[in-house]
Amino acid sequence: MIPLRLKIETDVVDPYVVRLRSFEGLSEDCSDAGSLDATLENASAENADFAGAMGKLRVFGVDPSEVNGDVMFVVPWRGTAHRLIRANSRHNTLLITERCDQLCLMCSQPPKERHIDMFPFFETAVLLSPGNSTIGISGGEPTLFKSELLEFLDTTMSARRDINFHVLTNAQHFDRDDVVRLRRMDLDRILWGIPVYSSDRDVHDRIVGKPGAFDQVRKSLSLLCEAGAKIELRTVLMKPNAPKLFDLAKFVTTALPFVDKWAIMQLENIGYGRQNWSSLFYDSSKGFDVVGKALDFAISRGIETKLYNFPLCTVPANYRMFAPSTISDWKRAYVSDCADCSLRNECGGFFEWHPKAHGYERFGVA
Ligand code: SF4
């Protein structure tokens, strides 16, 4: 797994954001290094020493060329640096909060009450990001801090016209006043990823652990549509909602035809998803008919529909074109059977923490 947190030593006292510049063996020179950059001074097998206007920073256990351009959040008293933005990755996500007002059966990151305001650090990190990045925003539930979030998006998008965002939200906190504010933003550069698990409000509310959530998400979707927002609907496929996936496809095409994309997603085995695995995991390799029917229907009605987090060989060959590699690089893994697989380059494999007994009956034979 790619490490997102590195051991460090620094002479700085307070937490700060810095971009690492390692010009080792590169044709670039360090003349364009700014006040928020730290450039490489020395490197050994064990550590790399960087220095900049902020102070000195020793990073352990990493080849400096691998972190060139990375934007780090340094926490001196803890002796760690978090790689907020990895320059060579398309999978950078900023976690706004660990709080959430839902309690989803399969939550990969169960909510916590504590909250630390990271917006000032994240703002700096975005400004230092590589050109043309798309940055993920997630939680917890980011819109619990909606006003700060919209301000953050506004500020960073105005300062960096090349940056786009993908915001994951349960869409429980939008109201009519937000329409005007959203319309003032460059909404073409934000994709709002919003979960809808069923067209049956009771099933949806049970899955997210919040009565009234379905009605609220519908209202929010209407408001976002009115504002002109780009929307990616997200449906994690599970035993409780798989039997009615076709009804959901009909609902999406008739009630939510304005969405830009519908993602049907396989389950992640971590957090509550792991605790509830046996009652939730739906083996789509042997029950693909419900997925195929829903996907065919949605596509026939003009909705771009994709399968996220599906190992390619568990998907029938004629549907693989709808299953892009979506698992983030730092948490993607393959099992031993994948070693000689001809599909490996296109396949997103598994989450690192997926059980070795992966649960797909038709694995490698689809
Ligand atoms: S064998 Fe592994 S690499 Fe090949 S399609 Fe299946 S999961 Fe992907």
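Nothing here was measured: the structure is a model prediction, and the numbers come from that model.

(A) Structural view of the packing of helix H6 (residues 245-255) against helix H9 (residues 288-300). Running from N to C, H6 and H9 cross one another at 15°; their axes reach a closest spacing of 8 Å. As judged from the angle between their axes, H6 and H9 are roughly parallel. Crossing hand, H6 versus H9: right-handed. The residues of H9 that touch H6, namely those facing Leu245, Phe246, Ala249, Lys250 and Thr253, are Val290, Val291, Lys293, Ala294, Phe297 and Ala298. Its residues assigned to classes, the contact of H6 with H9 shows eight nonpolar, one polar and two charged.

(B) Looking closely at the site of the ligand. Every residue near the ligand is listed here: Pro311, Leu312, Cys313, Tyr334, Cys338, Cys341, Leu343, Arg344, Cys347, Phe350 and Phe363. Its residues assigned to classes, the shell around the ligand shows ten nonpolar, no polar and one charged.

(C) Quick peek at the sheet that holds strand S13 (residues 261-265). The seven strands lie next to each other as S8-S9-S10-S11-S12-S13-S14, forming an open sheet whose pairing is parallel. What marks the edges here is a single partner per strand, and that holds for strand S8 (92-95) and strand S14 (305-308). Pairs of neighbouring strands in the sheet enclose a mean axial angle of 25°, with direction left out of account. In this sheet, strand S10 (residues 164-168) lies alongside strand S9 (residues 134-138) in parallel orientation, the contact comprising four bridges. Within S10, the residue paired with Ile137 across the bridge is Val167. Its contacts with the sheet put helix H2 (residues 146-159) on S8, S9, S10 and strand S11 (190-195), and the angle it makes with S10 is roughly 165°. Taken strand by strand, H9 contacts S13 and S14, and its axis lies near 150° from that of S14.

(D) Looking closely at the packing of aromatic side chains. Here the structure, examined in full by the defined rule, presents 14 aromatic pairs. Arranged with centres 6.4 Å apart and planes meeting at 10°, the rings of Phe351 and Trp353 form a pair that is stacked. With a relative accessible area of 6%, Phe351 lands in the buried category. Taken together, the ring pairs connect Trp277, Phe281, Phe350, Tyr360 and Phe363 into an aromatic cluster. Against the face of Phe60 rests Lys7, its NZ or CZ located 4.4 Å from the ring centre. It is Arg344 that lies over the ring of Tyr334; its NZ or CZ is 4.1 Å from the centre.

(E) Spotlight on the packing of helix H1 (residues 119-127) against H2. As a packed pair, H1 and H2 sit with axes 10 Å apart at the nearest point and diverge in direction by 20°. Classified by the angle between their axes, H1 and H2 sit roughly parallel to one another. Here H1 and H2 pass one another in a crossing that is right-handed. Taking contact as the criterion, the partners of Phe119, Phe122, Glu123, Val126 and Leu127 in H1 are, on H2, Glu148, Leu149, Phe152, Thr155, Thr156 and Ala159. When the residues that make up the contact of H1 with H2 are grouped by side-chain class, the tally is seven nonpolar, two polar and two charged.

(F) Layout of the pairing of S11. Taken across its six residues, S11 has six buried, putting it largely inside the fold. Both faces of S11 are covered, namely the face carrying Ile190, Trp192 and Ile194 and the face carrying Leu191, Gly193 and Pro195. Bridging between S10 and S11 involves four bridges; their strand directions are parallel. Bridge pairing in S11 links Val167 to Trp192. A crossover connection joins S10 to the parallel S11 through helix H3 (residues 176-183); in handedness this β-α-β unit is right-handed.

(G) The domain arrangement of the protein chain, seen in detail. Here the domain parsing of the protein chain yields domain 1 (5-85) and domain 2 (92-351). Put simply, the middle of domain 1 and the middle of domain 2, counted by C-alpha atoms, are 32 Å apart. Contact residues are listed per partner, giving nine residues for domain 1 and eleven residues for domain 2. Carbon and sulfur atoms make up 80% of the surface buried where domain 1 meets domain 2, a total of about 970 Å² over both sides. Three residues stand out in domain 1 for area buried against domain 2, namely Val17, Leu84 and Ile85, and they jointly supply 54% of the buried area on that side.

(H) Just the pattern of salt bridges, in detail. For the structure on display, the rule yields 22 salt bridges. Arg21 is paired through a salt bridge with Asp37; the nearest N and O atoms lie 3.3 Å apart. On the criterion of sequence distance, the pair formed by Arg21 in strand S2 (residues 16-21) and Asp37 in strand S3 (residues 37-43) is long-range, its members being 16 residues apart. Assessed through its relative accessible area of 8%, Arg21 is described here as buried. Owing to a relative accessible area of 3%, Asp37 belongs among the buried residues under this scheme. One salt bridge connects Asp175 with Lys146, and the closest N-O pair in it is separated by 3.4 Å. Separated by 29 residues along the polypeptide, Asp175 in the loop between S10 and H3 and Lys146 in helix H2 bring together distant segments of the chain.

Analysis parameters
Residues numbered from 1 in each chain as written. Predicted model: local features only at pLDDT ≥ 70, side-chain atom pairs only at ≥ 80, totals over all residues. Heavy atoms only, no water. Axes fitted to C-alpha atoms, helices over the stretch in contact; angles between N-to-C directions. Helix = DSSP H or I, 4+ residues; strand = E, 2+ residues; numbered from the N terminus. Parallel < 35°, antiparallel > 145°, perpendicular 65-115°, else oblique. Left-handed = near helix turned anticlockwise from the far one by under 90°. Contact = heavy atoms within 4.5 Å. Nonpolar A, V, L, I, M, F, W, Y, C, P; charged D, E, K, R; others polar. Near = heavy atom within 4 Å. Pairing = 2+ DSSP bridges. Phe/Tyr/Trp six-rings, centres within 6.5 Å; stacked < 30°, edge-to-face > 60°. Buried < 20%, exposed > 50% of the residue type's maximum accessible area, 1.4 Å probe, protein only. Lys NZ or Arg CZ within 6 Å of the ring centre and 35° of its normal. Right-handed = clockwise from strand over helix to strand, strands pointing away. Domains from an automatic or database assignment. Buried area = accessible area lost by both parts, 1.4 Å probe. Salt bridge = Lys/Arg side-chain N within 4 Å of Asp/Glu carboxyl O.

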